[in-house]
Amino acid sequence: MPERSTSPGLAPRQVLIILTALAAVLITAFMVIGAKGSWGFVLPFRGTKVWGIAMVGGAIAVATVLFQTITANRILTPAIMGYDALFRLVRTVQIFFLGGLSYATLNVQLQFAFETVLMVGLSTLLFRWLFNRAARDLYLLVLVGIVFGVLFRSLAGLMQRLINPNDYAVLQDVMFAGFNTIDKSLLMVSTLAILGSGVWVWRLLPALDVLNLGRDNAINLGVAYRSVVSQVLIIIAILVSVSTALVGPVTFFGLLVSNLAYMLIRSHKHALILPAAVLLAIIALIGGQVILERVFGFDSALAIIIEFVGGVVFIAMLLKGNRK
């Protein structure tokens, strides 16, 4: 089946080549613009930052595309399952019981492992319980995710009202996404988890393409629907948990890059859509860092701007759907 072009004379693979070149240019710009001092220090320091941003952006992009595939809805994101709310609750509980000072002295690796394993474990238990039930459990899964998200936010909000003001100041510092504060010591284990999930996704690519045809058609064409969807949900849990534990919750970023990928790659093939979404995530994050840090001299506004733009895209898609 021939690939559909995004515009006359521009095929999806050509779009991927352009996105790859643009990502390479922005990474180079981030590495060299404004560099002062020893290159032996500057390049490893900035390279580590690029590495972390690329891993986080890629994980969020892949998780969002996969979630939209199995739900057959391009507005939904994994955040709808309450991952960001669970992350906020976990950190609130830690600071509530340990105190801000004790929390600040916790071992970073152990804290990261605890948060990641907890979120993956709870997600996996939820998925196994739901998918042992009726055939329409995917819709129930989304509904349960929304309900749990509200519950987690309510519990976190209650604790935040009872917490010591000094501890609350510490909580505010660790509650929001920060692409400038990625811990180098966590990058290797995070990369292994993300790349391992990527290999798993690669093996599922043919089944994912068929899932675009709908549940009934996928089953009729021989796809083990429940098994494939269960595997995809576990992959999503791993990717979102690792990225959230690494930088914090990012609600609308995945929605932004996934829909840009659909717009540029007008194809049903995940082998084209997923790389495009990953490249767009890298371009958005690295390009945003270059503009904010090197041009305007800001250090912490990128996450806020991304969430604002993603929120605008989300509202626009809702309004577009209502008009239809």
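Below is a short write-up of the structure. Because the structure is a prediction, the values reported are computed rather than measured.

A word on the overall build of the chain. Each helix and strand in the chain was counted, giving 14 helices and zero strands. Order of helices (α) and strands (β) in the chain, N terminus to C terminus: α-α-α-α-α-α-α-α-α-α-α-α-α-α. Here the chain, with 324 residues, has 49% of them falling under the buried criterion. Here the analysis covers contacts within the chain between residues at least 6 apart in sequence; of these, 77% occur between residues at least 24 apart. Roughly 16200 Å² of accessible area belongs to the chain as shown, and the carbon and sulfur atoms make up 68% of that amount.

What follows deals with the side chain of Thr-116. With respect to the helices, strands and loops of the structure, Thr-116 is situated in helix α5 (residues 108–130). Among the polar contacts made by the side chain of Thr-116, one reaches the main-chain carbonyl oxygen of Phe-112 at a distance of 2.9 Å. Ignoring anything within four residues of it in the chain, the contact list for Thr-116 reads Ser-241, Val-242 and Ala-245.

Next up on the list: the packing of aromatic side chains. In the structure shown here, the tally under the stated rule is two aromatic pairs. Taking 5.1 Å as the distance between ring centres and 80° as the angle between the ring planes, the aromatic pair formed by Phe-96 and Phe-97 counts as edge-to-face. Residue Phe-96 is classed as partly exposed on the basis of its relative accessible area of 30%. The class for Phe-97 is exposed, based on a relative accessible area of 61%. Between Phe-148 and Phe-152, the aromatic rings sit 5.7 Å apart at their centres with planes inclined by 50°, giving tilted as the arrangement. Taken together, the positions of Phe-148 and Phe-152, both in helix α6 (residues 137–162) and four residues apart, correspond to about one turn of that helix. A residue is classified by how much of its surface remains accessible, and Phe-152, at 14% relative accessible area, is buried. Across from the ring centre of Tyr-262, 4.0 Å away, lies the NZ or CZ of Arg-74, which sits over that ring.

For helix α11 (residues 225–247), spanning 23 residues, the distance from its first C-alpha to its last is 33 Å, which sits close to the expected 33 Å at 1.5 Å a residue. Across the 23 residues of α11, 18 count as buried, placing the element largely inside the fold. Phi for Gly-248, located one or two positions after α11, is positive at around 105°.

Here we take up helix α1 (residues 12–32). Its 21 residues give α1 an end-to-end C-alpha distance of 30 Å, which sits within 8% of 30 Å, the value for a rise of 1.5 Å per residue. Residues of α1 that are buried include every one of Pro-12, Val-15, Leu-16, Leu-19, Ala-23, Leu-26, Ala-29, Phe-30 and Met-31, and no others. Once α1 ends, the next one or two residues include Gly-34, with phi positive near 75°.

Cut-off values and rules
- Residues numbered from 1 in each chain as written.
- Predicted model: local features only at pLDDT ≥ 70, side-chain atom pairs only at ≥ 80, totals over all residues.
- Heavy atoms only, no water.
- Helix = DSSP H or I, 4+ residues; strand = E, 2+ residues; numbered from the N terminus.
- Buried < 20%, exposed > 50% of the residue type's maximum accessible area, 1.4 Å probe, protein only.
- Contact = heavy atoms within 4.5 Å.
- Areas by Shrake-Rupley, 256 points an atom, 1.4 Å probe, with all protein chains shown as cover.
- Polar contact = N/O pair within 3.5 Å; in protein donor to acceptor, adjacent residues only side chain to side chain.
- Phe/Tyr/Trp six-rings, centres within 6.5 Å; stacked < 30°, edge-to-face > 60°.
- Lys NZ or Arg CZ within 6 Å of the ring centre and 35° of its normal.
- Expected span 1.5 Å × (residues − 1).

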